[in-house]
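Here are the chains, one letter per residue:
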Amino acid sequence: MQDVSRLFSLSGRKAVVTGASRGLGRAIAETLASAGATVGVTARDLSSLDDTVAAVGATGGKAIPIALDVRDVAATGIALQALAGQMDGIDILINNAGYEEVRPSLDVDEALWDRIVDTNLKGAFFCAQAAARLMAGRGSGGSIVNLCSLTSYVGIPTAVPYGSSKSGLLGMTRALAAEWASAGIRVNAIAPGYFRTDMTEIFYADAAWEQAMLGKIPLRRFGRMEDLSGAILFLASDASAYVTGQSIPVDGGILASI
């Protein structure tokens, strides 16, 4: 009988998590480290990664921090190459870096559009490209997991640039999965529902919104950081060795109930 626990082990694996200074990114880095991976963590401000490095260390794992603004394509390739050098390769990439700003569509300007789309979609693509080159060069394949969103599936008022970027990210996930499968590189996504993070705190300040939203979630609660652990570990590990081009909503049942 197969040892199921080994399917989920990341012992000896090298992972990179972008946007890992806080929120979902930090929680994902902790999850990967707790499963045995060495984790490279990135953020625009290197000092902002101190708490993540400490949190990963508390799990008994190791995190290697590096500054990276994913909107800078040239810097992306250099940063991932540097992490691969320090970790002896990259087996897993979690494209988590993201940006959102709520604004009515008629008030969206080019600068806001570019910041959101360049971070969430363009940045994710060039991180995936840089990682895939490294994975293909080693000939051992790998796993890329993109952080999509409920807005990858449904339209949300005042979130048009964000929804556009996340819808594009879902399409990118499927296309790259089809193209890179021959190199043994799997590309999947998770689509978190409503999780309380620094970026989404503006919503939770509105008590009426909070109660209305809870009424739409079948499980009747918002997501907790640990709710992502299972899906991330599944897609990053050999447990999903025959899964690619898929997206797993982690949303308390919202999409299923629409």
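On a predicted model such as this, the values are computed, not experimentally measured, just so you know.

1. Overview of the environment of I190
Topologically, I190 is positioned in strand β6 (residues 185-192). Relative accessible area serves as the criterion here: at 0%, I190 is assigned to the buried category. For the pair I190 and A75, spaced 115 residues apart in the sequence, the C-alpha separation amounts to 26 Å. Those residues within four positions of I190 in sequence are excluded, and the remaining contacts are V145, N146, L147, C148, S149, L228, A231, I232, L235, S247 and I248.

2. Concerning the nonpolar core
Soluble globular proteins: nonpolar side chains tend toward being buried together. Counting residues in hydrophobic clusters, the biggest one holds 33 residues, and the most contacted among them are L80, I90, L93, I144, W180, I185 and V187. Broken down by secondary-structure element, the contributors of at least two residues to this core are β3 (63-67), α4 (73-87), α5 (110-138), α6 (160-180) and β6. In terms of residues, this core owes the most to one element, α5, which gives eight residues. Once residues within four sequence positions are removed from consideration, L93 is found in contact with V16, T18, C127, A128, A131, M135, S143, I144 and V145. Counting 30 residues, the second largest nonpolar core, distinct from the first, contains L24, A29, I92 and A231.

3. Some details on the pairing of strand β1 (residues 14-17)
The alternating pattern of β1 places K14 and V16 and A15 and V17 on opposite faces, both of which are buried. With four bridges joining them, β1 and strand β2 (residues 38-43) adopt parallel strand pairing. Opposite V16, over in β2, you have G40 as the bridge partner. For the handedness criterion, the β-α-β arrangement of β1, helix α2 (residues 23-34) and β2 is classed as right-handed. Across three bridges, the pairing between β1 and strand β4 (residues 92-95) is parallel.

4. Section: the side chain of N96
Here N96 lies in the loop between β4 and α5. When sequence neighbours within four positions are dropped, the list of residues in contact with N96 reads V17, T18, G19, L24, G25, I28 and L147.

5. Remarks on unusual backbone geometry
A positive phi angle is found at T158, which is not glycine, with a value near 70°. For T158, the position within the fold is in the loop between β5 (142-147) and α6. Of note, the phi angle at R220 is positive, near 60°, even though the residue is not glycine. When you line up the elements, R220 lands in the loop between α8 (207-214) and α9 (229-236). For R220, a relative accessible area of 52% translates into the label exposed.

6. Examining the pattern of salt bridges
Throughout the structure, instances matching the rule amount to five salt bridges. The salt bridge involving R13 is made with D238; its shortest N-O contact spans 2.8 Å. One end of the pair, R13, is in the loop between α1 (4-7) and β1; the other, D238, is in the loop between α9 and β7 (247-250), and 225 residues separate them in sequence. A salt bridge links R221 to D227, with the nearest nitrogen and oxygen atoms 2.8 Å apart.

The rules behind the values
- Residues numbered from 1 in each chain as written.
- Predicted model: local features only at pLDDT ≥ 70, side-chain atom pairs only at ≥ 80, totals over all residues.
- Heavy atoms only, no water.
- Helix = DSSP H or I, 4+ residues; strand = E, 2+ residues; numbered from the N terminus.
- Buried < 20%, exposed > 50% of the residue type's maximum accessible area, 1.4 Å probe, protein only.
- Contact = heavy atoms within 4.5 Å.
- Core = buried A, V, L, I, M, F, W, Y, C linked by side-chain atoms within 4.5 Å.
- Pairing = 2+ DSSP bridges.
- Right-handed = clockwise from strand over helix to strand, strands pointing away.
- Salt bridge = Lys/Arg side-chain N within 4 Å of Asp/Glu carboxyl O.

All quantities given are derived from atomic positions and should not be read as evidence of function.
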